[in-house]
Amino acid sequence: MDLRAGLIVADGTVGAGGHSQMIARRIGDTGTLIGIDRDPMMLQIATNVLGQSRQVILHQASYVELENVLKTNNISGVDRVLLDLGLSSDQLSDTSRGFSFQAVGPLDLRFDPRAGQSAKSLLRTATESELERILREYGEDSASHRIAKCLSSRAATKPLETAAELSECIVECLGMTKRDLREKHPATRVFQALRIAVNNELEHVARGVEHVIHRILNPGGIAAVITFHSLEDRIVKQEFRRTNSWQNLTPRPIVATHQEQRVNPRSRSAKLRVARKLIWTEGIGICPMAVDESVCLPPWELPWLWRGRNLPHDARN
Ligand SMILES: C[S@@+](CC[C@H](N)C(=O)[O-])C[C@H]1O[C@@H](n2cnc3c(N)ncnc32)[C@H](O)[C@@H]1O
């Protein structure tokens, strides 16, 4: 992310503050770090890790609200923005939230437990066809029809209360044995699908990636997004391919090395994509750095960029 002293950086998914801690070290006392998380528990952890200082501003919000958070703090734009999507290991290991399918706590699955509907309530109120759509679209589950049918009839007889009950119910529905479970647990996709649904995750990713990060970045600023499944990654890939808005710095996503995967098995599905915000400056061209015209590129030097395209009246800035 080319971090340097004095930069203003937004970490839109501050989580336990691991990335933010490293960012804060690099930008130093002259920089500013804005850390956002939807989950009040994670924000508390981040506050403990990062401490309170003039350099660090922490807010409980979704990254889609970053513009308002910046406005409230009189910040007109940021130089770097990071989104590390999905779930943190602290959330996964908190048995009271239902994120892990071994958890005996209530089946909640919300990042912000004060907003929206819990997974338990969704399972009670959704129709069988709604459930099937959720499992198919968000879990990409080939057994979505069977599982939805099972979950619906269970909701009508003895509603599921805990994450552990839900995973047992799925295993029963699919008639699986202990031996089958040594492969990927069938509940993994169902939990992912329900979590995406109750948190409206894809809508947040689409709004955050397609609108917010470009708007809050200063010209020449860099956005980095880490995704954990193909549905999110597709949105980021498509956005960074918009060549009159972004210089895509990772035509292929960066993935974890074997060594990193051994130390952190969850990094196996992580993909990092990075892009630099371009701006179209009337009469000059495409400028990654608005302040320095020497790095602007006129359109005739970028035939690949304009091929089959109108000159950029549609550029966002
Ligand atoms: C993978 S963790 C981030 C870990 C973090 N980078 C670290 O170093 O500790 C993802 C975090 O994003 C948060 N989150 C998910 N959706 C969010 C959203 N729309 N806005 C803000 N935070 C969100 C989750 O609550 C979780 O804490």
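Residues numbered from 1 in each chain as written. Predicted model: local features only at pLDDT ≥ 70, side-chain atom pairs only at ≥ 80, totals over all residues.

## Quick word on the overall build of the protein chain
Item 1. Counting its secondary structure elements, the protein chain contains 13 helices and 10 strands.
Item 2. Across the 317 residues that make up the protein chain, the buried fraction comes to 40%.
Item 3. Taking contacts inside the protein chain between residues at least 6 apart in sequence as the whole, the part at least 24 apart equals 62%. (Helix = DSSP H or I, 4+ residues; strand = E, 2+ residues; numbered from the N terminus. Buried ≥ 20, exposed ≤ 12 C-beta atoms within 10 Å, placed from the backbone. Contact = placed C-beta atoms within 7 Å.)

## Let's talk about the environment of N48
Item 1. Mapped onto the elements, N48 comes out in helix α2 (residues 40-50).
Item 2. Separated by 31 residues in the primary sequence, N48 and G17 place their C-alpha atoms 9.0 Å from one another.

## Structural notes on the packing of helix α10 (residues 201-216) against helix α11 (residues 230-240)
Item 1. Following both chains from N to C, one finds α10 and α11 inclined at 15°, their axes separated by 10 Å at the closest point. Considered as vectors, α10 and α11 are oriented roughly parallel to each other. Two packed elements cross with a definite hand, and for α10 against α11 that hand is right-handed. Within the contact between the two elements, α10 uses L202, V205, A206, V209 and E210 and α11 uses L231, E232, I235, V236 and E239.
Item 2. Considered class by class, the residues forming the contact of α10 with α11 number 7 nonpolar, no polar and 3 charged. (Axes fitted to C-alpha atoms, helices over the stretch in contact; angles between N-to-C directions. Parallel < 35°, antiparallel > 145°, perpendicular 65-115°, else oblique. Left-handed = near helix turned anticlockwise from the far one by under 90°. Nonpolar A, V, L, I, M, F, W, Y, C, P; charged D, E, K, R; others polar.)

## Points about the pairing of strand β1 (residues 8-11)
Sheet faces and side chains relate simply in a regular strand, where the side chains alternate between the two faces.
Item 1. Because side chains alternate across β1, one face comprises the buried residues I8 and A10, and the other comprises V9 and D11, equally buried.
Item 2. Here β1 pairs with strand β2 (residues 32-37) via 4 bridges, running parallel. Of the residues in β2, the one forming a bridge with V9 is L33.
Item 3. Following the backbone out of β1, through helix α1 (residues 18-27) and into the adjacent parallel β2, one traces a crossover that is right-handed.
Item 4. Of the pairings in the sheet, the one linking β1 to strand β4 (residues 78-84) comprises 3 bridges and is parallel in character. Pairing of D11 across the sheet is with L82, part of β4. (Pairing = 2+ DSSP bridges. Right-handed = clockwise from strand over helix to strand, strands pointing away.)

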